Each structure stands twice: as structure tokens, then as C-alpha cells.
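# An overview of the molecular structure
Listed below are the residues making up each chain.
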Amino acid sequence: MSEKIEDIYEIRPLYDACPEEWRDRIPELAERYKKLYTALIYDIMAEQYGLPGRSMKPGIGPLERGERNGKLAGPAFTSRRCTTPSTDPAIHNIRLGQMKSMCPGCIFVSDVQGNRNCGQFGEITATAMRAAGCVGAVIDGSTRDSDYLIAMGFPTFVRWCSPVEGLTRSMIVDYMIPIYVDGVDGMLQINPGDWIFGDGDGVVVVPKDIVVPVLEKAEKNFYDEKLSRRAMAEGMNPFEVYNKYGRF
């Protein structure tokens, strides 16, 4: 029998890191975001807030496209790994201790520090995280157990897959802290509570203080795009379409 482990890990509640404006509305906001698409959210941030580059570098995507596994939305629960041969149980079990700081509807986001020699996520971890309220994962690296993650309907966004166990190669060393992931323009900072939205095109990150207004502006543009799309399909001149709806 393995030696017993002890829960010595600090509670750092993600709920407290989310703005009061929306932290009790996470399921509602997530469903509204998932009716949209990442390109639309990216454009709103770039064009109306002067925030270009709020996208992870191309190559990150869902294990399986589609409504069940191909979209996720929610506040970021951040985690940082490091490449290490250590098997120190006090560090190794941060992976377990961090989960009590999660909140319903959160997205696990892992900064793997460029590690490429193992799978940094897996199905058993996803099962435990789901029980803690987590509804999806964005790993700026890899996962294993891909078929199981797909079968359980846990949306997981990764750059590649690997069958290799992480222990003696990579471990979680901290959580609920600002992290960097590989962004379209270089390092992209993600803070606990920033809003994560992913679909088949990739992952965008909305600063937590503008989650609601970005959504509302995107919903307006989404509606206008429907009108302009219909007008173009009916043969209206593209210049007239743009001048009428402001979207093309």
C-alpha cells in the first residue's frame, strides 16, 4: 500500500478572484459565450477595446470538434508546471490540493513552461476536477488519455498528445497565480478569473473586468452579422450591406 498523503495546501478561492458583477452568473455567461465564436470575441477586444493579441498562439485546439467537446467558456483557474525529475510528494500533490480552490464553471489553464517530454493532463485528473466544479481544460502543451477525455465529454484543448507519464518529468508547482501561455504575439498573461473561451479556431482570453460588456457587444455584432449574411445571400451589393449593417 502506498504511503498516505496529507492535505497541506492553501485554499485560494477562484470565486473570490472573479468580479462581483458576474461571479454568480458563470453558467449563464458561459452558455451565452458558447453561442458565439472566438473570432467575434477577438475582434471586439481588438477593435473596440484596443486589446489585440488576446488569443493563444495557433495550434491550440479541442481534442474533438463539436458542441460536446469542442467549446468551452468560463473563468480561468490558473496553474504552473515546471520540468523536473523530482518526485517530492509535497510538490507532486499540489495537483490534488489545488482543486479545493476551484469554483463551479471554471476552466483549468495550465502553463507547462514549454515542456514537451510528457503528457501534462489526463482523464483521472479531469474526473477529479469535474467533481470540484471544473468544466474544461486548456493545456498549453499536451494531454494523455485523449480517448477517455473525449468519451467523458470533458472539453480539453491542447497542442499535442502524449502517452508519457508526467512524474519525474513535469510537476505542478503553483496555482491561482498570474501565468504566461504562448500567445499569438508572444507571451500572453492570464490572471485567475480572466475569461477563457475556446472553439475550433483556438482560445481567446477576455480580461475579467470586461467579460460582460465584451459579451454584450459581441451578441449585438452576431445579430447584425446574421442580417448582413442574409442580405448578401439574397444578392444585395456588398457595399450596401456594409453601409446598412456595419458588418461584412
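These notes cover the structure that comes with them. Quick caveat: nothing in here was measured; it's all calculated off a predicted structure.

Before going further, it helps to spend a moment on the pairing of strand β11 (residues 195–199). Taken residue by residue, a regular strand's side chains alternate between the two faces of the sheet. Among the five residues in β11, five count as buried, and that is most of the element. The two faces of β11 match: Trp-195, Phe-197 and Asp-199 on one face and Ile-196 and Gly-198 on the other face are all buried. Across four bridges, strand β2 (residues 72–83) lies against β11 in antiparallel orientation. Each residue of the ladder has a partner; that of Ala-73, found in β11, is Phe-197. With five bridges connecting them, β11 and strand β12 (residues 202–206) associate as antiparallel partners. Residue pairing across strands places Trp-195 opposite Val-206, the latter belonging to β12. With antiparallel pairing between neighbouring strands as the criterion, β11 and β12 make up a hairpin whose turn holds two residues.

So, on to the nonpolar core. If you look at the biggest cluster of nonpolar residues, it comprises 46 residues, and the most contacted ones within it are Tyr-33, Ile-41, Phe-108, Phe-121, Trp-195 and Val-206. Per element, the largest residue contribution to this core is five residues, and it comes from helix α8 (residues 211–233). Not counting residues up to four positions away in its chain, the partners in contact with Phe-121 are Phe-108, Ala-126, Met-129, Ala-137, Ile-139, Ser-142, Thr-143, Arg-144, Leu-149, Phe-154 and Thr-156. Counting 16 residues, the second largest nonpolar core, distinct from the first, contains Met-56, Ile-179, Ile-196 and Val-203.

Here we come to unusual backbone geometry. If you check the backbone angles, Asp-145 has positive phi at about 60° while not being a glycine. Take Asp-145: it is sitting in the loop between β5 (142–143) and α7 (146–151). If you check the backbone angles, Thr-168 has positive phi at about 80° while not being a glycine. Mapping Thr-168 onto the fold places it in the loop between β7 (160–161) and β8 (170–175).

Let us now look at the pairing of strand β3 (residues 107–111). Of all five residues that make up β3, five are buried, and the element is covered over most of its length. Along β3, one buried face is formed by Ile-107, Val-109 and Asp-111 and the opposite face, lined by Phe-108 and Ser-110, is buried too. Pairing analysis gives five bridges linking β2 to β3, with the strands arranged parallel. Bridged to Arg-80 within β3 is Asp-111. Here β3 runs beside strand β4 (residues 136–139); their pairing, made up of four bridges, is parallel. In the strand pairing of β4, Ile-107 is matched with Gly-136. Once you follow β3 into helix α6 (residues 123–131) and on to β4, the crossover reads as right-handed.

Moving on: the pattern of salt bridges. If you walk through the whole model with that rule in mind, you get twelve salt bridges. For Arg-12, the salt bridge is made with Asp-174, and the minimal N-O distance between the two is 2.7 Å. Here Arg-12 is found in the segment before α1 (14–17), whereas its partner Asp-174 is found in strand β8, with 162 residues between them in sequence. Residue Glu-20 is joined to Arg-23 by a salt bridge in which the shortest nitrogen-to-oxygen separation is 3.9 Å. It is possible to trace a salt-bridge network through shared partners that takes in Arg-25, Glu-28, Arg-32 and Glu-219.

Before going further, it helps to spend a moment on the side chain of Thr-84. By secondary structure assignment, the location of Thr-84 is in the loop between β2 and α4 (89–92). At 3.0 Å, the side chain of Thr-84 and the backbone nitrogen of Ser-86 are in polar contact.

Applying the stated criterion across every chain, the model contains seven aromatic pairs. On the basis of an interplanar angle of 85° and a centroid distance of 5.4 Å, the ring pair of Trp-22 and Trp-195 is categorised as edge-to-face. In this pair, Trp-22 sits in the loop between α1 and α2 (26–34) while Trp-195 sits in strand β11, placing the two residues 173 residues apart along the sequence. In this pair, the class of Trp-22 matches that of Trp-195, namely buried. When the ring of Phe-108 is compared with that of Phe-121, the centres are 5.8 Å apart and the planes differ by 20°; the resulting orientation is stacked. A residue pair is termed long-range when its members are at least 10 positions apart, and Phe-108 in strand β3 and Phe-121 in the loop between β3 and α6 qualify at 13 residues.

About the criteria used
Residues numbered from 1 in each chain as written. Predicted model: local features only at pLDDT ≥ 70, side-chain atom pairs only at ≥ 80, totals over all residues. Heavy atoms only, no water. Buried < 20%, exposed > 50% of the residue type's maximum accessible area, 1.4 Å probe, protein only. Helix = DSSP H or I, 4+ residues; strand = E, 2+ residues; numbered from the N terminus. Pairing = 2+ DSSP bridges. Core = buried A, V, L, I, M, F, W, Y, C linked by side-chain atoms within 4.5 Å. Contact = heavy atoms within 4.5 Å. Right-handed = clockwise from strand over helix to strand, strands pointing away. Salt bridge = Lys/Arg side-chain N within 4 Å of Asp/Glu carboxyl O. Polar contact = N/O pair within 3.5 Å; in protein donor to acceptor, adjacent residues only side chain to side chain. Phe/Tyr/Trp six-rings, centres within 6.5 Å; stacked < 30°, edge-to-face > 60°.

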